[in-house]
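Structure at a glance
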Amino acid sequence: MTGVTHNACPICGGAFDIVAVSSHMRRIARCRDCRHAFVQNPPSREALFAWFQGESYFADNYNRQGIFSLEDDAQWEGWLAGRFDELEWYIPEAGLASGPPRRVFEVGCLEGRLVDALARRGHAVAACDINETMTRRGRRAFGRDIRTGTVGRCAPPLGAFDVVLVYFVLQYEPCPQTAFASWMRLLAPGGRIFCIFPVGESSRVDPVGLHFFSRASLTRLARTHLYDYRLTVVAEDRPGRKEHKAVLVGSNPA
Ligand SMILES: [Zn+2]
């Protein structure tokens, strides 16, 4: 089965130019209007799904962060502390570190370590990931509501969450506006979404990234879906590299 082919910018609908062809014969396009760059002929959903299965994709990801065991909780403590610091900094109004109980959904949770930590702080949690191996493992290890599939496929309750968390997912979605809209439908009135995207060099090194966001394309995305929002682009020093990311926090109308 072949994937979609974009005939217009998938963020703003504008005209684009083909600026490069990747080694995998993917055409890289850039929007003339919002400067969003994207793979014009992404792989099929089936091919993308296959890419994200198994443990090796996940292991590459956490090995880069200096973690080498899924079982050793001590190795993950620093990682979790960093996640909570970040949530306190960017979305303090949610009070996820020490505030009252919230209903939280995470899209792209892998094995669900963050939602498990949130549940241990008193929040009601659910999550999903397309990686079958990791979600099965997470359900067994943590006993939480960790579903397999995209939001569209795994059918969590709509309008039922105060906070939706999404770390580094949208760049893999063939149709990012449709995916983002499906995440927004999870939010209760007045609920808030927290999303992180790779930008700049950090997005270009990913062999399966389909979108290379600009500040203008992220602003366009935010204005399409969010009642109010804050968009922050940051560079962080990591061992041996610099990581560039954008943090978007926004709300559903109350
Ligand atoms: Zn555009």
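- An unreviewed UniProt entry annotates the protein chain as Methyltransferase type 11 originating from Solidesulfovibrio fructosivorans JJ].

Observations concerning the overall build of the protein chain
- The helix and strand inventory of the protein chain stands at nine helices and 11 strands.
- Rg of the C-alpha trace for the protein chain: 18 Å, near the compact-globule value of 18 Å for 254 residues, within the 12% margin.
- In terms of its C-alpha atoms, the protein chain occupies a principal-axis envelope of roughly 50 × 40 × 35 Å.
- Of all intrachain contacts in the protein chain linking residues separated by at least 6 positions in sequence, the fraction that spans at least 24 positions is 59%.
- Per element, the accessible surface of the protein chain, about 12,100 Å² overall, is 52% carbon and sulfur.
- Computed over 31 positive and 27 negative side-chain charges, the separation of the two mean positions in the protein chain equals 6 Å.

As for the pairing of strand 11 (residues 241-251)
- Taken across its 11 residues, strand 11 has eight buried, putting it largely inside the fold.
- Across seven bridges, strand 8 (residues 187-198) lies against strand 11 in antiparallel orientation. Considered in strand 11, the bridge of Ile-193 is made with Gly-250.

Thoughts on the nonpolar core
- Counting residues in each nonpolar core, the largest one holds 37 residues, and the members touching the most others are Phe-105, Val-107, Val-164, Phe-180, Trp-183, Ile-193 and Phe-197.
- Here Val-107 is in contact with Cys-128, Val-151, Val-164, Leu-165, Val-166, Tyr-167, Val-169, Trp-183 and Leu-186, once residues within four sequence places are set aside.
- By size, the runner-up hydrophobic cluster in this structure holds 36 residues, among which are Tyr-62, Leu-80, Leu-87 and Phe-194.

Re the environment of Thr-224
- By the secondary structure assignment, Thr-224 is in helix 9 (residues 215-225).
- Sequence spacing of Thr-224 and Ile-11 is 213 residues, and the spatial spacing of their C-alpha atoms is 9.3 Å.
- Engagement of the side chain of Thr-224 in a polar contact is seen with the backbone oxygen of Arg-220, the distance being 2.7 Å.

Describing the sheet that holds strand 3 (residues 37-39)
- The four strands are arranged 1-2-3-9 in an open sheet whose pairing can be described as antiparallel. One side of each edge strand has no neighbouring strand; the edge strands of this open sheet are strand 1 (16-21) and strand 9 (211-212).
- Relative to strand 2 (residues 27-31), strand 1 runs antiparallel, the two being bridged by five bridges. From the neighbouring strand, Phe-16 faces strand 2, where its bridge partner is Cys-31.

Overview of the coordination of the zinc ion
- Looking at the metal site, the zinc ion is ligated by Cys-9 (SG), Cys-12 (SG), Cys-31 (SG) and Cys-34 (SG), spaced 2.3 Å from it.
- The site at the zinc ion holds four donor atoms, and with the angles between them running 98 to 118°, its shape is tetrahedral.
- The motif formed by the donor residues of the zinc ion, counted along the single chain, is C-x2-C-x18-C-x2-C.
- Using a relative accessible area of 16% as the deciding quantity, one classes Cys-12 as buried.

Topic: unusual backbone geometry
- Look at Arg-35: it is not a glycine, yet its phi comes out positive at around 65°.
- Overall, Arg-35 belongs to the partly exposed group, its relative accessible area being 44%.
- The backbone phi angle of Ala-155 is positive, close to 50°, even though this residue is not glycine.

Some words on the UniProt feature "domain: Methyltransferase type" (unreviewed entry) in the protein chain
- Per the UniProt record, the feature "domain: Methyltransferase type" (unreviewed entry) sits at residues 106-195.
- Taken end to end, residues 106-195 is 36% helix and 30% strand, and its two terminal C-alpha atoms sit 10 Å from one another.

Here we look at the state of the cysteines
- One pass over the full model with this rule turns up zero disulfides.
- You can see Cys-175 has no disulfide; the closest cysteine sulfur is in Cys-9, sitting 12 Å from it.
- Looking at Cys-175, the relative accessible area reads 25%, which means it is partly exposed.

Considerations on the pattern of salt bridges
- A full pass over the atoms with the stated rule returns 12 salt bridges.
- For Glu-93, the salt bridge goes to Arg-192, with nearest N and O atoms at 2.5 Å. A residue pair is termed long-range when its members are at least 10 positions apart, and Glu-93 in the loop between helix 3 (73-90) and strand 4 (103-107) and Arg-192 in strand 8 qualify at 99 residues.
- For Glu-93, a relative accessible area of 34% translates into the label partly exposed.
- Take Arg-192: its relative accessible area is 17%, and that puts it in the buried class.
- Salt-bridge contacts for Arg-144 lead to Asp-116; the nearest nitrogen and oxygen are separated by 2.9 Å.

Calculation rules
- Residues numbered from 1 in each chain as written.
- Predicted model: local features only at pLDDT ≥ 70, side-chain atom pairs only at ≥ 80, totals over all residues.
- Heavy atoms only, no water.
- Helix = DSSP H or I, 4+ residues; strand = E, 2+ residues; numbered from the N terminus.
- Rg over C-alpha atoms; globule rule 2.2 N^0.38 Å.
- Contact = heavy atoms within 4.5 Å.
- Areas by Shrake-Rupley, 256 points an atom, 1.4 Å probe, with all protein chains shown as cover.
- Lys, Arg positive; Asp, Glu negative; His and termini not counted.
- Charge placed at Lys NZ, Arg CZ, Asp CG, Glu CD.
- Buried < 20%, exposed > 50% of the residue type's maximum accessible area, 1.4 Å probe, protein only.
- Pairing = 2+ DSSP bridges.
- Core = buried A, V, L, I, M, F, W, Y, C linked by side-chain atoms within 4.5 Å.
- Polar contact = N/O pair within 3.5 Å; in protein donor to acceptor, adjacent residues only side chain to side chain.
- Donors = N, O, S within 2.8 Å, 3.2 Å for Na, K, Ca; no water.
- Tetrahedral: all angles 85-135°; square planar, octahedral: opposite > 155°, others 65-115°.
- UniProt positions renumbered as here; feature names shortened; annotations may be inferred.
- Disulfide = S-S within 2.5 Å.
- Salt bridge = Lys/Arg side-chain N within 4 Å of Asp/Glu carboxyl O.

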